[in-house]
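Working through the structure, step by step
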Amino acid sequence: MPLVILLLEKRKTNKYLTSHSARKITTAVSVLILTILFWIVALNLKYDHFILGQKNITGTLTEVYNPSKVLIYPPPVDSYAIFDDISYWNLPDITPFTNLNLFVIQLKIIIFNFINLIGAFNEFSLAFSIIILISLILILNKKKVFFQEKNDLFLFSFIAIWPCGYLLFSIQSRFLWIMDLGVLALAGILLSELIKTNFIKRKLLFPFCFAIIGSFYIYPVVQLKNQYGDGKDIFEMAAALKKEHINGRILTSIQSDADYSKSIKISYLTQSKFYGPYIRNYSTSQILKAINDYQINYYIFYYYSSDQKEAFLKSNLVSSAEKVYGNIYPGVIVLFFDK
């Protein structure tokens, strides 16, 4: 926002920093601070100290984040999983400038993310990149026909600046949804300019609008279709567990990211504490030891075939349990351990 304000002020007064632009920037920053202040206070109440960001607790750079033990328990007293821990780890920070190797890695990340950024644009609409390209050509035109209204510059500058920070770490479509709306608005301005300059006939306005707007509809419709019913089984599973009063310290079988995500959500919905496991190549003896060491109440096993189910029912884990819930929910076996 400050960058865009300075650009607009330069166009209006031929100076970047004036008292007028300074007041606007102060107002923008003040609104931002007031907006995030509630979040900062909430974090302080939860963790008893102020924090400004989140440490990556799932990284691979330190032994602390990747211990050799099977389980990672939820650190805060009232948290339900390690995912809920955003407290500060007192460890040395590294940056892209720590050494040459990390600097090269960061450059590769930026290049990789830039490629993903182009892919994300095409996901929104095949017309997305075309709109940006034509707008850029008009901007570079000596007549500056595209910037007759200052809001044109504001909008294009916003679209150009928005993804820059994400290039440093990750590009995901949901980070760029506001750009999707911005480019759609930009398309309307672009069509108006092309009609004013008689580049296209006014009678073609409706077909062009219909085609462009229609192309932007595809992405949200596909997203809604893909997510329809997603996660319904997790709520049903949590309801089945709560019906049997299954909650407390929970350990689950994890062989995929989907299993891990499912376990975090189930522990939240059942108001339980999720204890991992952190690694995936664990043995039965390691799990039994972890159950004893951390006083685990329930072990949840996810199976995806009848063979997996039969093999698990013959394992030492089942024979060591106080109670077996074999039909509590399809694809799930729950073991109770009296600790």
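Residues numbered from 1 in each chain as written. Predicted model: local features only at pLDDT ≥ 70, side-chain atom pairs only at ≥ 80, totals over all residues. Heavy atoms only, no water.

1. Here's the deal with helix H3 (residues 100–124)
Side chains of residues three or four places apart in an α-helix project in the same direction, reflecting 3.6 residues per turn. The end-to-end C-alpha separation of H3 is 36 Å, in line with the 36 Å expected for 25 residues at 1.5 Å each. On its buried face, H3 sits against helix H4 (127–140), helix H6 (177–196) and helix H7 (205–227). Its side-chain oxygen 3.1 Å from the backbone nitrogen of Asn101, Asn99 forms the N-cap of H3. (Helix = DSSP H or I, 4+ residues; strand = E, 2+ residues; numbered from the N terminus. Expected span 1.5 Å × (residues − 1). Contact = heavy atoms within 4.5 Å. Polar contact = N/O pair within 3.5 Å; in protein donor to acceptor, adjacent residues only side chain to side chain.)

2. Digging into the packing of helix H8 (residues 232–243) against helix H9 (residues 257–269)
Remark: H8 packs on H9, axes separated minimally by 9 Å, with the N-to-C direction vectors making an angle of 45 degrees. Accordingly, the angle class assigned to the pair H8 and H9 is oblique. The chirality of how H8 crosses H9 is right-handed. Of H9, the residues touching H8 (which contributes Ile234, Phe235, Met237, Ala238, Leu241 and Lys242) are Lys262, Lys265, Ile266 and Leu269. Here the contact of H8 with H9 is built from residues that sort into seven nonpolar, no polar and three charged. (Axes fitted to C-alpha atoms, helices over the stretch in contact; angles between N-to-C directions. Parallel < 35°, antiparallel > 145°, perpendicular 65-115°, else oblique. Left-handed = near helix turned anticlockwise from the far one by under 90°. Nonpolar A, V, L, I, M, F, W, Y, C, P; charged D, E, K, R; others polar.)

3. Observations concerning the pattern of salt bridges
This model, assessed by the stated rule, comprises one salt bridge. Salt-bridge contacts for Asp293 lead to Lys289; the nearest nitrogen and oxygen are separated by 2.7 Å. Of the two residues, Asp293 and Lys289 both sit in helix H10 (residues 284–293), four residues apart, roughly one turn of that helix. (Salt bridge = Lys/Arg side-chain N within 4 Å of Asp/Glu carboxyl O.)

4. With respect to the side chain of Ser170
Within the secondary structure, Ser170 is located in the loop between helix H5 (150–161) and H6. Residue Ser170 is classed as buried on the basis of its relative accessible area of 18%. Reaching out from Ser170, the side chain makes a polar contact with the side chain of Gln172 at a distance of 3.4 Å. Each residue touching Ser170, except ones within four places of it in the same chain, is listed here: Asn113 and Phe175. (Buried < 20%, exposed > 50% of the residue type's maximum accessible area, 1.4 Å probe, protein only.)

5. Examining the packing of aromatic side chains
All told, the structure shown has 15 aromatic pairs when counted by the stated rule. Ring centres 6.4 Å apart and planes at 40 degrees place the aromatic pair Phe128 and Phe216 in the tilted group. Highlighted residues: Phe128 in helix H4 and Phe216 in helix H7, separated in sequence by 88 residues. Among the residues examined, Phe128 registers a relative accessible area of 0% and is labelled buried. Ring pairing ties together the aromatic residues Phe121, Phe124, Phe128, Phe216 and Tyr219, which thus form one cluster. (Phe/Tyr/Trp six-rings, centres within 6.5 Å; stacked < 30°, edge-to-face > 60°.)

6. What about the environment of Asn292?
Looking at where Asn292 falls in the secondary structure, it is placed in helix H10. When its relative accessible area of 46% is taken as the criterion, Asn292 is described as partly exposed. The spacing of Asn292 and Phe337 is 45 residues in sequence and 9.0 Å in space, taken between C-alpha atoms.

7. Digging into the nonpolar core
If you look at the biggest cluster of nonpolar residues, it comprises 28 residues, and the most contacted ones within it are Phe128, Ile131 and Leu176. Looking at this core, the elements that each hand over two or more residues are H3, H4, H5, H6 and H7. For Ile131, the residues in contact, after removing those within four places along its chain, are Val183, Leu186, Ala187, Leu190, Ile212 and Phe216. Counting 20 residues, the second-largest nonpolar core is a separate cluster that includes Tyr282, Tyr299, Tyr303 and Leu335. (Core = buried A, V, L, I, M, F, W, Y, C linked by side-chain atoms within 4.5 Å.)

8. With respect to the pairing of strand E4 (residues 323–329)
Two faces, one strand: in a regular strand the side chains alternate between the faces of the sheet. As paired strands, E4 and strand E5 (residues 332–336) are joined by four bridges and run antiparallel to one another. Bridge pairing in E5 places Val324 opposite Leu335. Two successive antiparallel strands, E4 and E5, enclose a turn made up of two residues, where Gly331 displays a positive phi of approximately 85 degrees. (Pairing = 2+ DSSP bridges.)

9. Some points on the sheet that holds E5
Read from one edge to the other, the open sheet built from five strands follows the order E2-E1-E3-E5-E4, with strand pairing classed as mixed. Here the strands that pair on one side only, and so sit at the sheet edges, are strand E2 (273–274) and E4. By the bridge criterion, two bridges tie strand E1 (residues 249–252) to E2 in an arrangement that is parallel. In the strand pairing of E2, Arg249 is matched with Lys273. Of the strands in this sheet, strand E3 (298–302), E4 and E5 are in contact with helix H11 (residues 306–313), which crosses E5 at around 15 degrees.

10. Some remarks on the confidence of the model for the chain
Averaged over every residue, the pLDDT of the chain is 83; residues scoring 70 or more account for 84%. Counting contacts from residues 56–65, a segment whose pLDDT is below 50, to residues more than four positions away or on other chains yields 21 contacts. (pLDDT = per-residue confidence, 0-100.)

11. A closer look at the side chain of Asp180
Relative to the elements of secondary structure, Asp180 occurs in helix H6. Comment: no salt bridge for buried Asp180; closest opposite-charge side chain is Arg174, at 14 Å. Dropping the residues within four chain positions of it, Asp180 is found in contact with Phe124, Phe128 and Phe216. (Lys, Arg positive; Asp, Glu negative; His and termini not counted.)

12. Considerations on a nonpolar patch on the surface
The grouping of Phe97, Leu100, Phe103, Val104 and Leu107 at the surface amounts to a nonpolar patch, some 510 Å² of accessible area in total. By the secondary structure assignment, Val104 is in helix H3. (Patch = residues over 30% accessible without salt bridge, like charges linked within 9 Å, V, L, I, M, F, W, Y side chains within 5 Å. Areas by Shrake-Rupley, 256 points an atom, 1.4 Å probe, with all protein chains shown as cover.)

13. Description of the pairing of E5
Burial analysis of E5 places four of its five residues in the buried class, the great majority of the element. Bridge count for E3 against E5 is five bridges, and the pairing is antiparallel. Among the inter-strand pairings, Tyr298 is bridged to a residue of E5, identified as Phe336.

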